[in-house]
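In case you want the letters, here they are:
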Amino acid sequence: MIPAASARLDGERRRRELDALFGSTLFDGAEIDVLVVGGGITGAGIALDAATRGLRVVLVDKHDLAFGTSRWSSKLVHGGLRYLASGNVAIAHESAVERGILMTRTAPHLIRPLAQVVPLLPGVSRSEAAVVRAGFLAGDVLRRAAGTSAAVLPNSRSVDADVVTAEAPTVLRHGLRGGLMAWDGQLVDDARLVVAVARTAALHGASILTGVSASNVDRTSATLTDEDTGASTEVRARIVVNATGVWAGQIDPRISLRPSRGTHLVFERSTFGGLTSSLTIPIPGERNRFVFALPAPLDRVYVGLTDVAADGPIPDEPRATDSEIEFLLDVLGTAVDPAPTLFDVVGTFAGLRPLLDSGGKETADVSRRHAILDDGDGPISAVGGKLTTYRRMAEHAVDAAVSAAGASAGPCRTASIPLVGAGAVLGPPAPDVLVRRYGSEASLVVALAESVPGGALPVADGIDVLVAETEFAVRYEGARTVADLLDRRTRIGLVDADRERAVDAATRVLTERHA
């Protein structure tokens, strides 16, 4: 057992907890209440919820935190407007409530308000513009009903052409008659949210073990294998929760999912002239579907996204298809001048949505509502859902786990528990870019920059990530490999050329100081 609660995930803690787990002495010999399989946003959320109710929790993931779908999102905290438009009022309200909780209580340091601008170009008729405007007004009502003030997310409004071009400098000028503006939340990074949730769970006593796979999973036990050494052990728990996302059917073959692939393109920010808002482009011939060009960290712009059925085996890293790339470029060409081409694309990423199979519908029409599956026999499985509503999904999963295990537990508390980094910045002054990434823990990164060799230097020329940030990722955030550092703790790896330039610095941090 860890002597004192700590949010620090480092190699020493991992070794200590693995030794205890494999020696059957974890938690001083006390029984594990909840074994969570899967370290994405759902699994991390379940671990946090269960730990804060006083349960003994172990979370394992074969790879790393945010290895799967959780790192491939659009990095938006949605208010549920799309679901309102399709008549799913309950899901829309839930999304708006959870967005407000994230932005004002649990993770305000990781989320900022982002304007989205719909340019009113000749391809958008007056009646279509009226529908979008009505939708934005309904979103304002939804925000107010969720208790989020206009000081956090301003009211939507109509804007003139000058405002549109100031926010999105490369938008087509010809025929532009103004635009419609609304506001939503944008994460500094989705993987950083997962890491923050997992570390907060660790702060409350959960064991967070990456590089540990689970097999032979049933309702109260699993075989765990340390992927580094190959050592295995059978672990028993009062209840096991399957939170493996698109791989849920591999843990419990009775689960039938119908994954859909959402693809994004990565551009240099200069391609869009210094975009500052989300350029929201209606897809020709579609209702309530848009392509978004989103300003992103590291001077990038993400453009997405698609919704295409993904059949066949589940890959570790989904890939964008040529047809999806062409589709996104074609839609961009209806609103941007000069229209970006394939030569402007510096990277791509794609994620699989873990949708429950509901028959013959198009994947775009399949419900995003989460489901907690428990037939009283196998593990409890948490499937479906969205990043924005992870906390509510976790609450429902832990409710089911407590009931199934007959455990004594307190009520859900996660709506009022700040994630690590959510407090005021203390200690030495920190640059704004570090505060946006780490919140109050930016001071720790600054201290590392001053104390470790080369810590204040960038990992490579022209890349806005310090060596100290990779050091912090190893010392505090559970990073164990170069891929952990470049592909999840930072998002350098989204651009292959940048990743190649940063590999040496990441390797040095891991081998020279943390061998």
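Just so we're clear, the structure is a prediction, and the values are computed from it rather than from any experiment.

A. Structural context of the overall build of the chain. The number of helices and strands found in the chain is 15 helices and 18 strands. By the compact-globule yardstick of 24 Å for 515 residues, the chain fits well, its C-alpha radius of gyration being 23 Å. For the chain, the spread of C-alpha atoms along the principal axes amounts to about 70 × 55 × 45 Å. Going through the 515 residues of the chain one by one, you find that 56% of them count as buried.

B. View of the nonpolar core. Of all hydrophobic cores here, the largest spans 53 residues; its most connected members are Ile46, Leu193 and Ile208. Broken down by element, the residue count for this core peaks at nine residues, all from helix H7 (residues 190–203). There are two domains that each give this core at least three residues, and those are domain 1 (5–70 + 191–256 + 365–416) and domain 2 (108–185 + 258–350). Excluding anything up to four places from it in sequence, leucine 193 contacts Ile41, Leu102, Ala107, Leu110, Leu187, Leu387, Tyr390 and Leu419. Formed by 29 residues, the second largest nonpolar core is a distinct cluster that contains Val171, Leu279, Val303 and Val336.

C. Region of the structure containing the domain arrangement of the chain. You can read the domains of the chain as domain 1 (5–70 + 191–256 + 365–416), domain 2 (108–185 + 258–350) and domain 3 (432–512). Using only C-alpha atoms to locate each centre, domain 2 and domain 3 end up separated by 29 Å. Taken together, the contact pairs ten residues of domain 2 with 13 residues of domain 3. At the boundary of domain 2 with domain 3, total buried surface from both sides reaches about 820 Å², with 57% on carbon and sulfur atoms. In terms of surface lost to domain 3, no three residues of domain 2 exceed His109, Leu298 and Arg300, which account for 54% of the buried area on that side. The tally of links from domain 2 across to domain 3 stands at one salt bridge. Here aspartate 498 makes a salt bridge to arginine 300, at a shortest N to O gap of 3.1 Å. Connecting domain 2 to domain 3 are three residue pairs in polar contact (both at pLDDT 80 or more).

D. Inspection of unusual backbone geometry at higher detail. Between glycine 304 and leucine 305 the backbone carries a cis peptide bond, its omega angle lying at 0 degrees. Assignment of secondary structure puts leucine 305 in the loop between strand S14 (300–304) and strand S15 (308–309). The residue after aspartate 337, namely proline 338, is reached through a cis peptide bond having omega 0 degrees. Checked against the element boundaries, proline 338 lands in the loop between helix H9 (322–333) and strand S16 (345–353). Phi is positive for leucine 298, close to 60 degrees, though the residue is something other than glycine. One non-glycine residue with positive phi stands out, namely aspartate 299, at about 55 degrees. By the secondary structure assignment, aspartate 299 is in the loop between strand S13 (290–296) and S14.

E. Region of interest: the UniProt feature "domain: Alpha-glycerophosphate oxidase C-terminal" (unreviewed entry) in the chain. Following the UniProt record, the feature "domain: Alpha-glycerophosphate oxidase C-terminal" (unreviewed entry) maps to residues 412–505 here. For residues 412–505, helix accounts for 48% and strand for 0%, while the C-alpha atoms at its two ends are 42 Å apart.

F. Focus on the side chain of aspartate 61. As for its position among the elements, aspartate 61 is in strand S2 (residues 57–61). We note that aspartate 61 is buried and unpaired, the nearest opposite charge coming from arginine 488 at a distance of 8.0 Å. Setting aside residues no more than four positions away along its own chain, aspartate 61 makes contact with Gly38, Gly39, Gly40, Leu209, Thr210, Gly211 and Val212.

Calculation criteria
- Residues numbered from 1 in each chain as written.
- Predicted model: local features only at pLDDT ≥ 70, side-chain atom pairs only at ≥ 80, totals over all residues.
- Heavy atoms only, no water.
- Helix = DSSP H or I, 4+ residues; strand = E, 2+ residues; numbered from the N terminus.
- Rg over C-alpha atoms; globule rule 2.2 N^0.38 Å.
- Buried < 20%, exposed > 50% of the residue type's maximum accessible area, 1.4 Å probe, protein only.
- Core = buried A, V, L, I, M, F, W, Y, C linked by side-chain atoms within 4.5 Å.
- Domains from an automatic or database assignment.
- Contact = heavy atoms within 4.5 Å.
- Buried area = accessible area lost by both parts, 1.4 Å probe.
- Salt bridge = Lys/Arg side-chain N within 4 Å of Asp/Glu carboxyl O.
- Polar contact = N/O pair within 3.5 Å; in protein donor to acceptor, adjacent residues only side chain to side chain.
- UniProt positions renumbered as here; feature names shortened; annotations may be inferred.
- Lys, Arg positive; Asp, Glu negative; His and termini not counted.

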